Amino acid sequence: MQQEKIDVLVIGAGPSGSVASAYLHKQGLKVKVVEKSKFPRFVIGESLIPRCMDHFEAVGLLDCLKEMNFEVKDGARFMNNKGVVCNFDFSKKHGEGWDWTWQVPRADFDKALTDELQSWGVDIAFEKEVVAVNFSEDGSSVTTIKDTEGKESTIAAKFIVDSSGFGRVLPRLLDLEKPSEIPEHSSIFTHVKETKRPEGREGTIITFDVIDTDTWLWVIPFSNGDTSIGYVGKTDYMDSFKGTNTEKLQEMMRLSSYYFDRFDGVDYKYEPRMIKNIAKSVKQLYGKGFALTGNSAEFLDPVFSSGVTFAVESAHLAAQLVTKELKGEEVDWQTQYTDYMLEGVDVFSTYVKEWYTGNLQTIFFHSTENKVIKEQICAVLAGYVWDKTNPFVKNHNRLVKTVAHIADMEMAAHGKS
């Protein structure tokens, strides 16, 4: 069987794998990326948040993305079924950092990244599946991959970065899966070619239309005229809709009084897809000779669009630590990688959980807006969840509950007056 010898094997060519391999390649390491799919391919995770821009810029991938002219995302709109609207503007957030990002069809976005990497000489093997991995005591490994015709070959690597996303290759092969602490929700989604898109900002702004505490619709317009639409709700509620996925989504669109007319009768470009029990977690983020990045490690509910940011944050950090380790430097993976990443995950997890308790929705839709609090929450929604100067990062566990409680009391007092 043919065997290839490299420094680092990267599993998956999405944003996480692209950022990791870009950094490693620029450090002079011999990298090979193995990707199960053929690009371009449809994948979810189309709403980015500003923090991810730092990492694309740092590894030299920002310019190729700018050339794609994706729809600029400079904030987000949340609305509820009572007609109350909460707008966040990333330029009005606590602290420093990017104040814009993009809304992207991931098929085009991911291909732009891999095309750029291949132009640099990065070896990307598409339509190759990892079927087995064997680690030695020193952390080196031999990975067996299989092509679409069933032909197998092996790759000997000093280190593996698993950026396989929902494929979760190493978590499956090494029994690293564990249940998420995020409530069980599922999603159903597709793309449409818009025929009734409004002019101006109304036609381009990303919106989260909140049907009830557990159920919400996303609307993500792209610059190419397509729009991503999808619902998230409790798994048993999503399962209560009958018929094909198209029939289910068409019926669910009736729940949105704001968007029903805009998307009524519009053909779906794809049979809607469903992901059940979205949130995922693992027992550990690294081991001897490997690190898990992106959705391979931890995937939270998509309500705040954190997926790609955690993917590239973890990929960039892991790649830096891998480089140090392979150059003989001491690396403390627990402190420098796991503890750091889980700090950010913990902050965002609080916001996801408090969204579904209703506390965060109470704050968002409170009639009296506190400018400072909104700026601090906006920074979290922009992905700057490691900034301890932000009280809503540093004290995230109690502050959301406290502010929501105060808002409830104010509303109760107003109701009595």
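Up top you'll find the structure we're talking about.
Just so you know, the residues in each chain are numbered from 1, in the order the chain's sequence is written. Local features in this predicted model are restricted to residues whose pLDDT is 70 or higher, and side-chain atom pairs enter the listing and the counts only when it is 80 or higher, whereas totals over whole chains, interfaces and linings include all residues. In computing side-chain values, all of the structure's heavy atoms are included and hydrogens and water are not.

Our next topic: the pattern of salt bridges. When a carboxyl oxygen of Asp or Glu is within 4 Å of a side-chain nitrogen of Lys or Arg, the pair counts as a salt bridge. Enumeration over the complete set of coordinates arrives at 24 salt bridges. Between Lys 32 and Asp 123 there is a salt bridge whose closest N-O contact spans 2.9 Å. Highlighted residues: Lys 32 in strand β3 (residues 31-35) and Asp 123 in strand β8 (residues 123-126), separated in sequence by 91 residues. Burial classification: accessible surface area is computed with a 1.4 Å probe over protein chains only, and a residue below 20% of its type maximum counts as buried, one above 50% as exposed, and the rest as partly exposed. Residue classification places Asp 123 among the partly exposed positions, given a relative accessible area of 30%. The secondary structure listing takes helices from DSSP runs of H or I that are at least 4 residues long and strands from runs of E that are at least 2 residues long, numbered from the N terminus.

Strands qualify as paired when DSSP identifies two bridges or more between them. Overall, mixed pairing links the 4 strands, which are arranged β1-β11-β10-β9 in an open sheet. The sheet is open, and its two edges are formed by β1 (3-5) and β9 (128-135), each paired on a single side. The mean inter-strand angle of the sheet, taken between neighbouring strand axes irrespective of direction, is 25°. Both strand β10 (residues 141-147) and strand β11 (residues 152-157) contribute to a ladder of 6 bridges, which runs antiparallel. If you follow Val 142 over to β11, its bridge partner there is Ala 156. Whenever a helix is involved, its axis is fitted only over the stretch in contact; in every case the axis is a line through C-alpha atoms, and angles between N-to-C directions fall within 0 to 180 degrees.

In this section: helix α1 (residues 15-26). Taking 1.5 Å of rise per residue, the 12 residues of α1 would be expected to cover 16 Å, and the 16 Å separating its terminal C-alpha atoms lies within 8% of that figure. With 10 of 12 residues buried, α1 is to be regarded as a mostly interior element. Along α1, the residues classified as buried are Pro 15, Ser 16, Gly 17, Ser 18, Val 19, Ala 20, Ser 21, Ala 22, Tyr 23 and Leu 24. Summarising the contacts, the buried residues of α1 are in contact with β2 (8-11), β3, α2 (51-58), α4 (106-120), β12 (159-162) and α9 (307-326). Expected span of a helix: the number of residues minus one, times 1.5 Å. Whether two residues are in contact is decided by their heavy atoms, any of which lying within 4.5 Å being enough.

Pairing is mixed in the open sheet, where 7 strands are placed in the order β6-β5-β15-β16-β17-β14-β18. Edge strands, defined here as strands with exactly one partner in the open sheet, are β6 (85-89) and β18 (273-275). When the angles between neighbouring strand axes are averaged without regard to direction, this sheet yields 15°. Examined bridge by bridge, strand β14 (residues 185-193) and strand β17 (residues 226-234) share 9 bridges and lie antiparallel to one another. Paired with Phe 189 across the two strands is Gly 230, which belongs to β17. Packing of helix α12 (residues 371-381) onto the sheet brings it into contact with β5 (75-80) and β6, and relative to β6 it is tilted by some 70°.

It is worth spelling out the nonpolar core at this point. Burial of nonpolar side chains together is a common tendency in soluble globular proteins. Counting 113 residues, the largest nonpolar core has Phe 56, Phe 78, Phe 304, Trp 355 and Phe 364 as the members making the most contacts within it. If one sorts the elements of this core by residue count, helix α10 (residues 333-357) sits on top with 10 residues. Every residue in contact with Phe 304, bar those within four places of it in the chain, is listed here: Ile 49, Phe 78, Phe 348, Tyr 351, Val 352, Trp 355, Leu 360, Phe 364 and Leu 381. With 16 residues, the next largest nonpolar core counts Ile 211, Met 253, Phe 263 and Val 266 among its residues. We call a set of buried Ala, Val, Leu, Ile, Met, Phe, Trp, Tyr and Cys residues a nonpolar core when their side-chain atoms join them within 4.5 Å.

A few words now on the layout of surface pockets. Two kinds of site are reported from a 1 Å grid over the protein atoms alone, namely cavities, where a 1.4 Å probe fits but cannot get out, and pockets, open sets with protein on both sides within 12 Å along at least five of seven lines, and residues are called lining when an atom falls within 4 Å of a point. Grid points are joined across faces, edges and corners, and a volume is the space filled by probe spheres set on the points. In this structure, the largest pocket spans a volume of roughly 840 Å³. Lining the largest pocket are 50 residues, and of these Val 43, Arg 106, Gly 165, Phe 166 and Asn 295 lie nearest its centre. Those elements that provide at least two residues to the lining of the largest pocket are α1, β3, β9, α5 (169-173), β14, β16 (215-221) and α9. Residues are sorted three ways: Asp, Glu, Lys and Arg are charged, Ala, Val, Leu, Ile, Met, Phe, Trp, Tyr, Cys and Pro are nonpolar, and all the rest, Gly among them, are polar. In terms of residue class, the lining of the largest pocket is built from 23 nonpolar, 18 polar and 9 charged.

At a minimum axis separation of 10 Å, α1 and α4 run at an interaxial angle of 15°. The orientation of α1 with respect to α4, classified from their angle, is roughly parallel. The hand of the α1/α4 crossing is left-handed. Residue-level inspection shows Pro 15, Ser 18, Ser 21, Ala 22, His 25 and Lys 26 of α1 in contact with α4, the latter providing Arg 106, Phe 109, Asp 110, Leu 113, Thr 114, Leu 117 and Trp 120. Partitioned by chemical class, the residues of the contact of α1 with α4 number 6 nonpolar, 4 polar and 3 charged. Roughly parallel means an angle under 35 degrees; roughly antiparallel means over 145; roughly perpendicular covers 65 to 115; every other angle is labelled oblique. Each helix crossing is assigned a hand: it is left-handed if the near helix lies turned anticlockwise from the far helix by less than a right angle, otherwise right-handed if that turn is clockwise.

Moving on to empty space enclosed by the protein. One water molecule sets the probe size; rolling that probe over the atoms shows where empty space is left. Tallied over the full model, the rule gives 2 cavities of 30 Å³ or more. Here the second largest cavity defines a volume of roughly 70 Å³. Along its surface, the second largest cavity is lined by Ile 49, Lys 73, Ala 76, Phe 78, Phe 88, Phe 90, Phe 208, Val 303, Phe 304, Ser 305 and Leu 381. When the residues that make up the lining of the second largest cavity are grouped by side-chain class, the tally is 9 nonpolar, 1 polar and 1 charged.

Pairing of aromatic rings covers Phe, Tyr and Trp, the last through its six-membered ring, and needs centres within 6.5 Å; plane angles under 30 degrees mean stacked, over 60 mean edge-to-face, and all others mean tilted. Inspection of every chain in the model, using the stated rule, returns 30 aromatic pairs. Taking 6.1 Å as the distance between ring centres and 50° as the angle between the ring planes, the aromatic pair formed by Trp 216 and Trp 218 counts as tilted. Just as Trp 216 is buried, Trp 218 falls in that class too. A centroid spacing of 5.7 Å and a plane angle of 85° characterise the contact between Phe 304 and Trp 355, whose relative ring orientation is edge-to-face. Of this pair, Phe 304 sits in the loop between β21 (290-292) and α9 while Trp 355 is found in helix α10, placing the two residues 51 residues apart along the sequence. Members of the aromatic cluster, each reached through a chain of ring pairs, are Phe 42, Phe 78, Phe 88, Phe 189, Phe 208, Trp 216, Trp 218, Tyr 270, Phe 304, Trp 355 and Phe 364. Over the face of the ring belonging to Phe 88 we find Lys 374, whose NZ or CZ atom lies 5.4 Å from the ring centre. For a ring to carry a charge above it, either NZ of a lysine or CZ of an arginine must fall within 6 Å of the ring centroid while also lying within 35 degrees of the normal to the ring plane.

Fair warning: the whole summary comes from geometry, so function is off the table for now.
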